[in-house]
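Survey of secondary and tertiary structure
Residue strings, one per chain:
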Amino acid sequence: MEHRVASLRLPMPAQEVLLALFITVMQVQGTMVRNAGEVVQRPLTDLGNLGYVLLIVSGAAVAVRRRWPVPVFLTTALASVVYYSLGFPDGPGWLGLFVALYTVAAYGDGRRSLMIAGVGTSVLAAVWLIAAADIEPSAAIGWVYFRIGASVMSAALGESVRSRHVIAADAQKRAELAERTREEEARARVDAERLRIAREVHDTVAHAIAIINVQSGVTAHVLDKRPEVAREALRTIEQTSSRALREMRAILGVLRDDDDDGERVPYPGLGQIGELTAKARAAGLDVEVEESAPGTPLPSAVGGAAYRIVQESITNVVRHVGPTRVTVALDPGIESLEIRVTDEGRRAAPGRHPGTPGPAGPGHGIAGMRERCRLLGGELDAGPTPDGGFEVRARLPLAPTGPSL
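Residues numbered from 1 in each chain as written. Predicted model: local features only at pLDDT ≥ 70, side-chain atom pairs only at ≥ 80, totals over all residues. Heavy atoms only, no water.

**Side note on the overall build of the protein**
A tally of helices and strands in the protein yields 11 helices and five strands. Of all 405 residues assigned to the protein, the portion counted as buried reaches 40%. When contacts within the protein are restricted to residue pairs at least 6 apart in sequence, those whose partners lie at least 24 apart make up 72%. In the structure as shown, the protein presents an accessible area of about 22,900 Å², 61% of it carried by carbon and sulfur atoms. (Helix = DSSP H or I, 4+ residues; strand = E, 2+ residues; numbered from the N terminus. Buried < 20%, exposed > 50% of the residue type's maximum accessible area, 1.4 Å probe, protein only. Contact = heavy atoms within 4.5 Å. Areas by Shrake-Rupley, 256 points an atom, 1.4 Å probe, with all protein chains shown as cover.)

**Points about the sheet that holds strand β3 (residues 336–343)**
Read across the sheet, five strands follow the order β1-β2-β3-β5-β4 without closing on themselves; strand pairing throughout is mixed. With partners counted over all chains shown, the strands left at the sheet margins are β1 (286–291) and β4 (379–384), one partner each. Sheet twist, expressed as the mean angle between neighbouring strand axes with direction ignored, is 10°. Set on the sheet, helix α11 (residues 365–375) makes contact with β4 and β5 (390–397); between it and β4 the angle comes to about 155°. (Pairing = 2+ DSSP bridges. Axes fitted to C-alpha atoms, helices over the stretch in contact; angles between N-to-C directions.)

**Side note on the environment of Ile130**
Structurally, Ile130 is set in helix α6 (residues 111–131). The spacing of Ile130 and Tyr84 is 46 residues in sequence and 9.6 Å in space, taken between C-alpha atoms.

**Considerations on the pattern of salt bridges**
Once their charged atoms are close, side chains differing in charge can pair, the charge on each being opposite to the other. The final tally for this structure, using the stated rule, is 13 salt bridges. One salt bridge connects Glu159 with Arg162, and the closest N-O pair in it is separated by 2.8 Å. Of this pair, Glu159 and Arg162 both sit in helix α7 (residues 141–222), three residues apart, which is roughly one turn of the helix. Looking at Arg162, the relative accessible area reads 16%, which means it is buried. Shared partners join several salt bridges into a network, and the residues in it are Asp286, Glu288, Arg325 and Glu344. (Salt bridge = Lys/Arg side-chain N within 4 Å of Asp/Glu carboxyl O.)

**Remarks on a nonpolar patch on the surface**
There is a patch of nonpolar side chains on the surface, built from Leu10, Leu18, Leu21 and Val25 and spanning about 370 Å² of accessible area. With relative accessibility at 47%, the residue Leu18 sits in the partly exposed group. (Patch = residues over 30% accessible without salt bridge, like charges linked within 9 Å, V, L, I, M, F, W, Y side chains within 5 Å.)

**Remarks on helix α2 (residues 12–34)**
Taking 1.5 Å as the rise per residue, α2 with 23 residues should run 33 Å; its terminal C-alpha atoms sit 32 Å apart, in good agreement. Those residues of α2 not exposed but buried are Glu16, Ala20, Ile23, Thr24, Gln27, Val28 and Thr31. (Expected span 1.5 Å × (residues − 1).)

**Description of the environment of Val392**
Within the fold, Val392 resides in strand β5. C-alpha separation for the pair Val392 and Ser313, spaced 79 residues apart in sequence, amounts to 7.1 Å. Excluding residues that lie within four positions of it along the chain, Val392 makes contacts with Ile309, Ser313, Ile339, Arg340, Val341, Met369, Leu380, Asp381 and Ala382.

**Regarding the packing of aromatic side chains**
The full count for this structure, using the stated rule, is six aromatic pairs. Summarising the aromatic geometry, the rings of Tyr83 and Tyr84 are spaced 5.1 Å apart at their centres and angled 75° between planes, so their arrangement reads as edge-to-face. Judged by relative accessible area, which is 4%, Tyr83 ranks as buried. A relative accessible area of 9% means that Tyr84 is categorised as buried. Seen from their ring centres, Tyr84 and Trp128 are 6.3 Å apart, and the 75° between their planes marks the pair as edge-to-face. Note that Tyr84 is positioned in helix α4 (residues 69–85) and Trp128 in helix α6, a separation of 44 residues in sequence. Take Trp128: its relative accessible area is 1%, and that puts it in the buried class. Grouping aromatic residues by their ring pairs yields a cluster made of Tyr83, Tyr84, Phe88 and Trp128. (Phe/Tyr/Trp six-rings, centres within 6.5 Å; stacked < 30°, edge-to-face > 60°.)

**Re the side chain of Ser113**
With respect to the helices and strands, the residue Ser113 is situated in helix α6. When sequence neighbours within four positions are dropped, the list of residues in contact with Ser113 reads Val104, Ala105 and Gly108.

**Section: the nonpolar core**
Counting 32 residues, the largest nonpolar core has Leu285, Ile309, Val310, Ile339 and Leu396 as its most contacted members. For this core, the elements supplying multiple residues, two or more each, are α9 (273–282), α10 (300–320), β2 (325–332), β3, α11 and β5. Among the elements that take part in this core, α10 stands out by supplying nine residues, more than any other. Non-local contacts of Ile309, meaning those with residues more than four positions away in its chain, are made with Ile339, Met369, Cys373, Leu380, Val392, Ala394 and Leu396. Counting residues in hydrophobic clusters, the runner-up holds 27 residues, among them Phe73, Ala79, Tyr84 and Trp128. (Core = buried A, V, L, I, M, F, W, Y, C linked by side-chain atoms within 4.5 Å.)

**Quick look at helix α5 (residues 95–107)**
Compared with an ideal rise of 1.5 Å per residue, which puts 13 residues at 18 Å, α5 spans 18 Å between its outermost C-alpha atoms and is within 8% of the ideal. When α5 is considered as a whole, its buried residues turn out to be Gly96, Leu97, Phe98, Ala100, Leu101, Thr103, Val104, Ala105 and Ala106.

**Things to note about the pairing of β5**
Of all the eight residues making up β5, six are buried; the element is thus mostly covered by neighbouring parts of the structure. Judged from the eight bridges that link them, β3 and β5 form a sheet pairing that is antiparallel. When the bridges of β5 are listed, Glu338 appears paired with Arg395. Taken together, the six bridges between β4 and β5 define a ladder with antiparallel strand orientation. In the strand pairing of β5, Asp381 is matched with Arg393. Between β4 and β5, which pair antiparallel one after the other, the connecting turn spans five residues, and Gly388 there sits at a positive phi close to 95°.

This is the structure:
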């Protein structure tokens, strides 16, 4: 229905021409009817039909009021000044002027348009009052005050319409800005979740692959000579891969659309450090854990991040150093958890170290650990030790402080 009505609506230029034609007819016809049979000071036909010309000009100018609001107002105002100054008969010859005043205020810029309307109305009021100084009968002066009041009301109505349009436009802009902000926040949350999942996948897969790589090498070396060692290495590979698969299902479970939770494992925390170090010992590392009992239970986010930092540190040792001694120190304080993972370096011939790309190729382990600390408001340092080893030091606040900048 609305579409049908819109299709029947005339174009804007045609509407303006019809409005101007209506106002012109009303001004001319209304003035003739009002003064029919009365003796007037100056008939419309005087001075070469100048009265008719002024009424027609002030009405016809309305056709272009939207394109040139100020020139149209000046034209109608000048026509009114000349009309009443020459003493032509009163009537509805001010319709075009009122429409022009409304248009200046409604389609102007606020301050400038109101100034033009105010100055123009003041000049018109002075001219109208001077021209009506000797008007007869004296009661007819009321029409002059009517024109003054109607001029002010036309400008006020136009300013009211303009203000509402401005408020509506501002509200629309704020709504669009809010919508864009919501979309940006949603994208940021999606990106953060994607980064979190990628980080968890990297830590899980890298650790599992490192352990499997070492154990498969042991199996290949002792398969014929020491089958019991090879059997134990294969069992470690099976357990490591099974654990990695369960962790992967737990990590990627947030992407599932169904309600089937399947087999989930607990989110890794400091409670799984013992299992983690047992796998590291099976991979050939001599791991010693120095852990103090926390005074209060650690937040799950802190425990999970600590587990991943220790896991990634041990993975780097397995990949880049090989069999060596590793010390894992966990010191939960009142305000933060201190983590330190130190290795003694290669026991055989010197080679590359975790701080530099080794035979396994460069990775993103240290960057990922640093990002985990930053997300919890903590900090991480990693670098070689004076005796040829490598140390990772991290501090995780127990109370969330937001990402450190």
